[in-house]
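Topology and contacts: notes
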Amino acid sequence: MALPLRRENYTVGWVCALPIELAAAKAMLDEEHPDLERDPADNDENLYSLGSIGGHNVVIVCLPAGRIGNSPAAAVAMQMRASFKGIRFGLMVGIGGGVPSAEADVRLGDVVVSQPHATFPGVVQYDAGKAIPGGFERTGSLNSPPHILLAAINTVQANEALGRSKLHEYIAELGRYKKFQRSKTGPDVLFEAAYEHVGGQTCKTCSSDQHQDREPRDEDEEVKTHYGTIASGNQVIKDAVVRDKLSAELGGVLCFEMEAAGLMNSFPCLVVRGVCDYADSHKNNRWQAYAAGIAAAYAKEVLLVIPPEKVKAEKSIVDVLSG
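What you see is a predicted model; the values in this text were computed from it and never measured.

What counts, and where the lines are drawn
Residues numbered from 1 in each chain as written. Predicted model: local features only at pLDDT ≥ 70, side-chain atom pairs only at ≥ 80, totals over all residues. Heavy atoms only, no water. Buried < 20%, exposed > 50% of the residue type's maximum accessible area, 1.4 Å probe, protein only. Helix = DSSP H or I, 4+ residues; strand = E, 2+ residues; numbered from the N terminus. Pairing = 2+ DSSP bridges. Lys, Arg positive; Asp, Glu negative; His and termini not counted. Salt bridge = Lys/Arg side-chain N within 4 Å of Asp/Glu carboxyl O. Contact = heavy atoms within 4.5 Å. 1 Å grid on protein atoms, 1.4 Å probe; cavity = no way out; pocket = protein on both sides within 12 Å on 5 of 7 lines; lining within 4 Å. Points joined across faces, edges and corners; volume = space filled by probe spheres on them. Nonpolar A, V, L, I, M, F, W, Y, C, P; charged D, E, K, R; others polar. Patch = residues over 30% accessible without salt bridge, like charges linked within 9 Å, V, L, I, M, F, W, Y side chains within 5 Å. Areas by Shrake-Rupley, 256 points an atom, 1.4 Å probe, with all protein chains shown as cover. Charge placed at Lys NZ, Arg CZ, Asp CG, Glu CD. Core = buried A, V, L, I, M, F, W, Y, C linked by side-chain atoms within 4.5 Å. Expected span 1.5 Å × (residues − 1). Arc of directions from axis to C-beta.

1. What about the pairing of strand β4 (residues 56–62)?
Along any regular strand, the residues point their side chains to alternate faces of the sheet. Burial of β4 is extensive: seven of the seven residues sit out of reach of the surface. What you see with β4 is no split at all: His56, Val58, Ile60 and Cys62 on one side and Asn57, Val59 and Val61 on the other are buried throughout. Bridge count for strand β1 (residues 12–16) against β4 is five bridges, and the pairing is parallel. Its bridge partner lying in β4, tryptophan 14 is registered against isoleucine 60. Connecting strand β3 (residues 48–53) to the antiparallel partner β4 that follows it, the hairpin turn spans two residues, and glycine 54 within it adopts a positive phi of roughly 55°.

This is the structure in structure tokens:
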């Protein structure tokens with residue numbers, strides 16, 4: 001197909017929130033496409049990056065600077081959906097705060113993927129509800145990721161089990177850029193939940209006696225992928241006690257983030273998060289670039305197991321939501 005393409009030729013919408021997430025997404029493209037000419041009457045304020053991955057035409061959008069949270073994410077995705085009416089499904093890709101537990105050995109640089117678990121559809125909005133005597137009642141429900149994406153992550157998991165995953169290849173590709181190299185991250189330290197950060201930009205003055213002991217991973221298991229519930233809300237979680245309390249109330253979540261709940265009912269998507277901190281008072285930015293890169297690499301892995309012809313045969317998001 002000759003370039004430039006038309007808007008309706010783009011079938012995958014990729015949403016991210018931060019510039020480093022946008023950079024990681026663009027680095028995963030097999031090829032970049034030129035910008036499309038805009039209609040002067042178009043009220044779309046988004047800026048898009050266009051390209052292809054494994055034969056899929058992908059349109060990438062990043063939230064405006066300083067605008068994070070469920071509502072800005074919903075507004076950006078709805079504008080993209082209106083401008084690119086051929087989009088069949090979305091990907092929400094970026095960083096999140098991991099929730100380590102006895103059930104899930106979540107570590108910095110791991111990947112968390114939204115998947116229905118127990119009574120939850122993959123993403124739960126933990127701060128939506130109403131105050132009642134004796135506590136807080138969560139209300140509302142979110143949609144699960146589209147069937148085609150849930151089928152794709154099963155295939156990805158099967159490839160992982162057979163040693164056929166190419167995730168490390170894509171991570172190596174990102175390694176060409178110094179920003180995304182794991183060597184730039186620093187140590188992976190998990191503190192006891194009740195121990196608060198002493199102060200400063202790093203944890204140099206925090207007590208090493210408060211480190212949690214964890215078994216070292218084998219070199220070939222440096223990155224693990226976890227599937228289950230992602231908690232989404234409009235506030236940054238920087239307290240491990242609050243983190244663990246909310247996780248227990250929600251049946252065990254894998255990470256916290258701030259955009260996904262704004263998308264699930266209006267922009268059907270899969271949420272992929274690279275773990276950049278532990279949602280505690282010790283969080284800093286050192287792991288953000290690597291975590292953003294690992295999430296983008298996983299998203300590419302998902303797209304590459306889905307035949308482009310199968311995507312084109314799916315209904316567009318516009319058609320699905322219009323009934």
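Next, the rest of the story.
2. With respect to the side chain of arginine 81
With respect to the helices and strands, arginine 81 occurs in helix α2 (residues 70–83). Buried charge without a salt bridge: arginine 81, with aspartate 319 as the nearest opposite-charge side chain at an N-O distance of 10 Å. The contacts of arginine 81, once residues within four sequence positions are left out, are Ser266, Phe267, Ile317, Val318 and Leu321.

3. Examining empty space enclosed by the protein
By the definition in use, this model includes one cavity of 30 Å³ or more. Considered as a void within the structure, the largest cavity measures approximately 40 Å³ in volume. For the largest cavity, the full set of lining residues is Asn9, Thr11, Gly55, His56, Asn57, Pro308, Val311 and Lys312. Counting residues per element, the lining of the largest cavity draws most heavily on helix α7 (residues 308–312), at three residues. Grouping the constituent residues of the lining of the largest cavity by class yields two nonpolar, five polar and one charged.

4. Quick word on a negative patch on the surface
Side chains of Asp218, Glu219, Asp220 and Glu221 sit close together on the surface and give a patch of like negative charge. Relative to the helices and strands, aspartate 218 resides in the loop between α4 (167–174) and β10 (225–228).

5. Things to note about the nonpolar core
Grouped together as the largest cluster of nonpolar side chains are 86 residues, with contacts concentrated most on Trp14, Met80, Phe84, Leu91, Phe267, Tyr298 and Val302. Here this core takes 12 residues from helix α6 (residues 288–304), the largest share from any one element. Discounting chain neighbours no more than four positions away, the residues touching leucine 91 are Val12, Gly13, Trp14, Val15, Leu149, Cys269, Leu270, Ala299 and Leu303. Residues Phe120, Val124, Ala231 and Leu250 belong to the second largest nonpolar core, which totals 11 residues.

6. Quick notes on the side chain of threonine 185
Its place among the elements puts threonine 185 in the loop between α4 and β10. Residue threonine 185 is classed as buried on the basis of its relative accessible area of 3%. Those residues in contact with threonine 185 that sit more than four places away from it in its chain are Arg286, Trp287 and Tyr290.

7. What to know about α2
The terminal C-alpha atoms of α2, which comprises 14 residues, lie 20 Å apart, in line with the 20 Å expected from a rise of 1.5 Å per residue. Taken as a whole, α2 has its buried residues at Asn70, Pro72, Ala73, Ala74, Val76, Ala77, Met80, Arg81 and Ser83. Buried residues along α2 sit against β1, β3, β4, β7 (123–125), β11 (230–232) and α8 (317–321).

8. Remarks on helix α3 (residues 147–161)
Taking 1.5 Å of rise per residue, 15 residues should cover 21 Å, and α3 covers 21 Å from first to last C-alpha, within 8% of that figure. Of the positions making up α3, those classed as buried are Ile148, Leu149, Ala152, Ile153 and Val156. Buried residues in α3, looked at end-on, bunch into an arc of 135°, giving them a common side. Those residues of α3 that are exposed and angled more than 90 degrees off the buried face are His147, Asn154 and Ala161. Packed against the buried residues of α3 are β5 (89–98), β6 (111–114), β10, β13 (269–277), α6 and α7. Backbone geometry just downstream of α3 places glycine 163 in the positive-phi region, at approximately 75°.

9. Some words on the environment of serine 316
Mapped onto the elements of the fold, serine 316 is located in the loop between α7 and α8. Using a relative accessible area of 6% as the deciding quantity, one classes serine 316 as buried. Sequence separation between serine 316 and phenylalanine 89 is 227 residues; the distance between their C-alpha atoms is 7.4 Å. Sequence-distant contacts of serine 316, defined by excluding residues within four places in its chain, comprise Lys85, Gly86, Ile87 and Arg88.

10. Topic: the pairing of β5
Across the 10 residues of β5, 10 count as buried, placing the element largely inside the fold. Sheet analysis places β1 next to β5, joined by four bridges and oriented parallel. Within β5, the residue paired with valine 12 across the bridge is phenylalanine 89. Bridge count between β5 and β13: eight bridges; the pairing is parallel. Residue pairing across strands places glycine 96 opposite valine 275, the latter belonging to β13. With two bridges connecting them, β5 and strand β12 (residues 255–257) associate as antiparallel partners. Each residue of the ladder has a partner; that of glycine 97, found in β12, is phenylalanine 256.

Everything listed here is a matter of geometry and, on its own, says nothing about what the molecule does.
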